[in-house]
Amino acid sequence: MNANDLIQLNKQYAINTYAPNLLLTRGKGCRVWDADGRSYLDFLAGIAVAQVGHCHPKLVAAIQKQAATLMHVSNLYYNENAPRLAAKLVEKFAAPSRVFFCNSGAEANEGLIKLARLWGSASGRYEILSMKNSFHGRTLAAITATGQTKYQKGFEPLPAGFAYAEYNNLDSVRAAITDKTVAILVEAIQGEGGVVPATPEFLKGLRALCDEKNLLLLCDEVQCGMGRTGTWFGFQQFGVQADACSLAKGLGGGLPIGAFIAGPKASEVFQPGQHASTFGGNPVACAAALAVIDIIEKERLLDNVARVGELLQTELRALATDYPWIVDVRGRGLMLGVALNHPAKAFEKVLLAKGLIAIATADNVIRMLPPLNITQADAREALRIFAEAAATYSPA
Ligand SMILES: *Cc1c(COP(=O)(O)O)cnc(C)c1O
């Protein structure tokens with residue numbers, strides 16, 4: 001079947017929730033190829049998923065080996081990978097904690113919400129306070145926690161027990177806390193919301209507020225976790241410790257796996273029967289995540305994230321001075337946003353035509369999320385493409 005036939009099949013038979021425009025057939029490292037054999041530098045990485053690049057040989061081998069050994073047993077039995085992965089994640093979380101495995105970011109956040117409600121149930125508290133402009137996934141509880149009405153419209157009635165405050169505004173958070181509030185849910189760096197980092201004062205202030213009012217600080221690390229910012233977790237950039245956090249996206253390096261980690265305040269909350277997930281802790285997905293962590297450690301990728309992130313940010317800033325329509329370059333590590341003073345979709349298309357995949361988000365921001373093992377040479381090529389695109393582009 002050729003590319004056009006496949007695209008027509010999708011248009012006819014797939015539920016109409018996405019509008020892709022390119023059929024990708026192969027990947028290696030920081031590059032992907034389309035059905036016509038054209039190559040692209042991939043600064044989306046499957047939306048912050050291909051953490052160690054496409055088809056890293058060690059990741060491929062780990063998946064193949066486990067798939068040929070034992071693919072699934074459910075949580076009614078132990079498997080050889082989930083316990084080791086849980087121990088690894090607790091080590092990175094750097095506090096006595098426990099891990100629950102699931103399959104996606106939304107499911108991980110659902111778990112955090114249930115954890116907080118169960119933790120607060122004895123004291124009659126249940127309200128989750130989240131941030132405007134946030135993104136937490138597409139299940140009903142997750143779109144409700146997501147502080148953007150565009151994701152909620154038409155799906156009412158939304159579950160009760162959620163409230164919102166302004167990101168990077170401690171007074172707003174303080175004002176929104178009631179005697180029903182049980183937890184604050186926050187991204188250390190808002191991703192979908194336009195790559196907006198928390199200010200250190202804000203995240204530290206949330207930590208202090210949670211201590212003062214006995215609330216759980218829940219960090220959504222689905223996008224900014226797994227080394228994306230140069231530390232294992234985004235909140236570690238700010239010298240803050242979360243009480244619990246969610247993970248997914250980059251955790252499996254391309255296989256679907258999510259998790260939440262509950263620290264000392266909440267690690268003993270769930271008892272047998274209160275939460276479950278059939279695929280959670282699947283041995284193949286866990287083999288992938290163990291390989292991803294091993295590769296990040298052995299190839300010293302956290303250092304690479306800091307180094308290449310710095311290069312990209314510095315060079316993009318320098319470039320921006322030539323173009324008044326580029327109004328901001330921001331982010332941490334390899335989670336970068338270039339904000340334009342107009343919708344970024346047209347510029348995204350110019351970048352794509354020149355061989356760079358970097359996607360518009362929050363209307364006017366070009367988001368860059370390359371694999372953590374991107375080389376300096378690939379980063380420089382992306383910068384060259386970006387500069388060329390900017391030079392030929394005139395905002396409408
Ligand atoms: C992508 C994302 C989610 C949702 O993850 P899914 O795997 O798509 O359910 C949740 N939170 C954040 C911060 C995300 O970026």
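On a predicted model such as this, the values are computed, not experimentally measured, just so you know.

(A) Expanded view of the domain arrangement of the protein chain. Split by domain assignment, the protein chain resolves into domain 1 (1-44) and domain 2 (60-298). Taken over C-alpha atoms, the centre of domain 1 sits 30 Å from the centre of domain 2.

(B) Geometry of the environment of T146. Checked against the element boundaries, T146 lands in the loop between α6 (140-145) and β6 (162-165). Taking the C-alpha atoms as reference, T146 lies 24 Å from F270; in sequence the two are 124 residues apart. For T146, the contacting residues outside a window of four places in its chain are S134, F135, H136, G137, Y151, Q152 and Y164. Among the polar contacts made by the side chain of T146, one reaches the main-chain amide nitrogen of H136 at a distance of 2.8 Å.

(C) Quick look at the site of the ligand. All residues adjacent to the ligand are S104, G105, A106, N109, F135, H136, G137, E187, D220, V222, Q223 and K249. Here A106 contributes a backbone N or O atom positioned 2.7 Å from an oxygen atom of the ligand. Here a nitrogen atom of the ligand sits 2.7 Å away from a polar atom, N or O, in the side chain of D220. About the coverage of the ligand: the protein hides 81% of its 380 Å² of free accessible area. For the shell around the ligand, the element with the most residues is helix α5 (residues 105-120), which contributes three residues. Residue composition of the shell around the ligand, grouped by class: three nonpolar, six polar and three charged.

(D) Structural context of the pattern of salt bridges. Taken as a whole and assessed by the stated rule, the structure comprises 21 salt bridges. Salt-bridge contacts for E166 lead to K132; the nearest nitrogen and oxygen are separated by 3.7 Å. Here E166, found in the loop between β6 and α7 (170-176), pairs with K132, found in the loop between β5 (127-131) and α6; they are 34 residues apart in sequence, far enough to count as distant. For K132, a relative accessible area of 40% translates into the label partly exposed. The partner of K265 in a salt bridge is D243, with the nearest N and O atoms 3.5 Å apart. Taken together, the residues K265 in the loop between β12 (258-262) and α9 (283-298) and D243 in the loop between β10 (216-220) and β11 (244-247) connect sequence positions 22 residues apart. For K265, a relative accessible area of 31% puts it in the partly exposed group. One network of salt bridges, in which partners are shared, links R31, K354, D378, E381, R384 and E388.

(E) View of the side chain of S97. As for its position among the elements, S97 is in the loop between α4 (82-93) and β4 (98-102). Given a relative accessible area of 14%, S97 falls into the buried group. Here A95 takes part through its backbone oxygen, which lies 2.9 Å from a polar atom of the side chain of S97. S97 has contacts with V90, I261, A262, G263 and S267, leaving out every residue within four places of it along the chain.

(F) Spotlight on the sheet that holds strand β15 (residues 356-357). With respect to topology, four strands assemble into an open sheet ordered β1-β2-β3-β15, the strand pairing being mixed. Looking at which strands have only one partner, the edges of the open sheet turn out to be β1 (24-28) and β15. As defined by bridge partners, β1 adjoins strand β2 (residues 31-34) across four bridges and the pair is classed as antiparallel. Note on β2: the bridge partner recorded for K28 is R31.

Quick notes on the rules
- Residues numbered from 1 in each chain as written.
- Predicted model: local features only at pLDDT ≥ 70, side-chain atom pairs only at ≥ 80, totals over all residues.
- Heavy atoms only, no water.
- Domains from an automatic or database assignment.
- Helix = DSSP H or I, 4+ residues; strand = E, 2+ residues; numbered from the N terminus.
- Contact = heavy atoms within 4.5 Å.
- Polar contact = N/O pair within 3.5 Å; in protein donor to acceptor, adjacent residues only side chain to side chain.
- Near = heavy atom within 4 Å.
- Areas by Shrake-Rupley, 256 points an atom, 1.4 Å probe, with all protein chains shown as cover.
- Nonpolar A, V, L, I, M, F, W, Y, C, P; charged D, E, K, R; others polar.
- Salt bridge = Lys/Arg side-chain N within 4 Å of Asp/Glu carboxyl O.
- Buried < 20%, exposed > 50% of the residue type's maximum accessible area, 1.4 Å probe, protein only.
- Pairing = 2+ DSSP bridges.

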